[in-house]
Amino acid sequence: MNTNNKEVAANSIKAVEAYRAQIANLQSQICKLEEAAAVAMETLVGAKVADGWKKFEYYSSYYGSHSELGEGDEERTLLFHPSVDLSTWDGVSFSHGHRGQSEENGRFCKWLSGLPEGHYIEL
């Protein structure tokens, strides 16, 4: 290996080390931001629940066979204004597949879209 190749290799090693250090720094920043976002979310949920908002865990199980397409179970957490009656959805099972969804999913989506603006928050 000639001197020029050794210099190129040494510079490349330094560059890789510098990039790895930058990546580690960015990953640390991401972790801190994710922690701050989680705390803010907990604060929001706590304040809304204290004001009478109701938390609803929507879970739709996937009954298809195309997980390779990125399809799978769907989970969402929603908060509903105190005036919204959630009793219709107590104990309801939701499910969906590659080319469709259960009747309950359709009814829930239609019901959700019919709520007045500002009466639910998707977390």
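If you're wondering where the values come from, they're calculated on a predicted model, not measured in any experiment.

K.L.:
Quick rundown of the pattern of salt bridges? Include the residues and the values.
P.N.:
If you walk through the whole model with that rule in mind, you get 2 salt bridges. One salt bridge connects Glu74 with Arg76, and the closest N-O pair in it is separated by 3.3 Å. For Glu74, a relative accessible area of 33% translates into the label partly exposed. Arg76 is the partner of Glu122 in a salt bridge, and the nearest nitrogen-oxygen pair spans 3.4 Å. Of this pair, Glu122 sits in strand S4 (residues 120–122) while Arg76 sits in strand S2 (residues 74–80), and the two are 46 residues apart along the sequence. The structure contains a network of salt bridges with shared partners spanning Glu74, Arg76 and Glu122.

K.L.:
I'd like to hear about the sheet that holds strand S3 (residues 94–96), residue by residue, with values.
P.N.:
Whenever strands of a sheet pair, they do so through backbone hydrogen bonds, lying parallel or antiparallel. Strands sit in the order S3-S1-S2-S4 across an open sheet of 4 strands; the sheet is mixed. Of all strands in the sheet, those with a lone pairing partner are S3 and S4, marking the two edges. Each strand axis lies, on average, 30 degrees off the axis of its neighbour in the sheet, ignoring direction. In this structure, strand S1 (residues 54–62) lies alongside S2, joined through 7 bridges in antiparallel fashion. Note that in S2 the partner of Tyr59 across the bridge is Glu75. Packing against the sheet, helix H2 (residues 103–113) makes contact with S1, S2, S3 and S4, and its axis sits at approximately 35 degrees to S2.

K.L.:
Can you explain the pairing of S1? Please cite residues and give values.
P.N.:
Of the pairings in the sheet, the one linking S1 to S3 comprises 3 bridges and is parallel in character. Note that in S3 the partner of Ser61 across the bridge is Ser95.

K.L.:
An account of the nonpolar core is needed here, citing residue identities and associated values.
P.N.:
Grouped together as the largest cluster of nonpolar side chains are 11 residues: Phe56, Tyr58, Leu78, Phe80, Val84, Leu86, Trp89, Phe94, Phe108, Leu112 and Leu115. At the level of elements, S1, S2 and H2 are the ones that each hand at least two residues to this core. Tyr58 has contacts with Glu74, Glu75, Arg76, Leu78, Phe94, Asn105 and Phe108, leaving out every residue within four places of it along the chain.

K.L.:
Go over the pairing of S2 with me, naming the residues and quoting the values.
P.N.:
Within S2, 5 of the 7 residues are buried, which leaves the element mostly enclosed by the surrounding structure. When S2 meets S4, the two strands line up antiparallel, connected through 3 bridges. Paired with Leu78 across the two strands is Glu122, which belongs to S4.

K.L.:
Give me the lowdown on the packing of aromatic side chains, citing residues and values where you can.
P.N.:
One pass over the full model with this rule turns up 11 aromatic pairs. Between Phe56 and Phe80 the ring centres are 6.2 Å apart and the planes differ by 75 degrees, which places this aromatic pair in the edge-to-face class. Separated by 24 residues along the polypeptide, Phe56 in strand S1 and Phe80 in strand S2 bring together distant segments of the chain. Under the relative-accessibility criterion, Phe56 is labelled buried at 10%. A centroid spacing of 5.7 Å and a plane angle of 35 degrees characterise the contact between Phe108 and Trp111, whose relative ring orientation is tilted. Highlighted residues: Phe108 and Trp111, both in helix H2, separated by 3 residues, approximately one helical turn. By relative accessible area, Trp111 is classed as partly exposed at 22%. Feature note: the residues Phe56, Tyr58, Phe80, Trp89, Phe94, Phe108, Trp111 and Tyr120 constitute an aromatic cluster, connected by ring pairs.

Calculation criteria
Residues numbered from 1 in each chain as written. Predicted model: local features only at pLDDT ≥ 70, side-chain atom pairs only at ≥ 80, totals over all residues. Heavy atoms only, no water. Salt bridge = Lys/Arg side-chain N within 4 Å of Asp/Glu carboxyl O. Buried < 20%, exposed > 50% of the residue type's maximum accessible area, 1.4 Å probe, protein only. Helix = DSSP H or I, 4+ residues; strand = E, 2+ residues; numbered from the N terminus. Pairing = 2+ DSSP bridges. Axes fitted to C-alpha atoms, helices over the stretch in contact; angles between N-to-C directions. Contact = heavy atoms within 4.5 Å. Core = buried A, V, L, I, M, F, W, Y, C linked by side-chain atoms within 4.5 Å. Phe/Tyr/Trp six-rings, centres within 6.5 Å; stacked < 30°, edge-to-face > 60°.

Interpretation in functional terms is not warranted from these geometric data alone.
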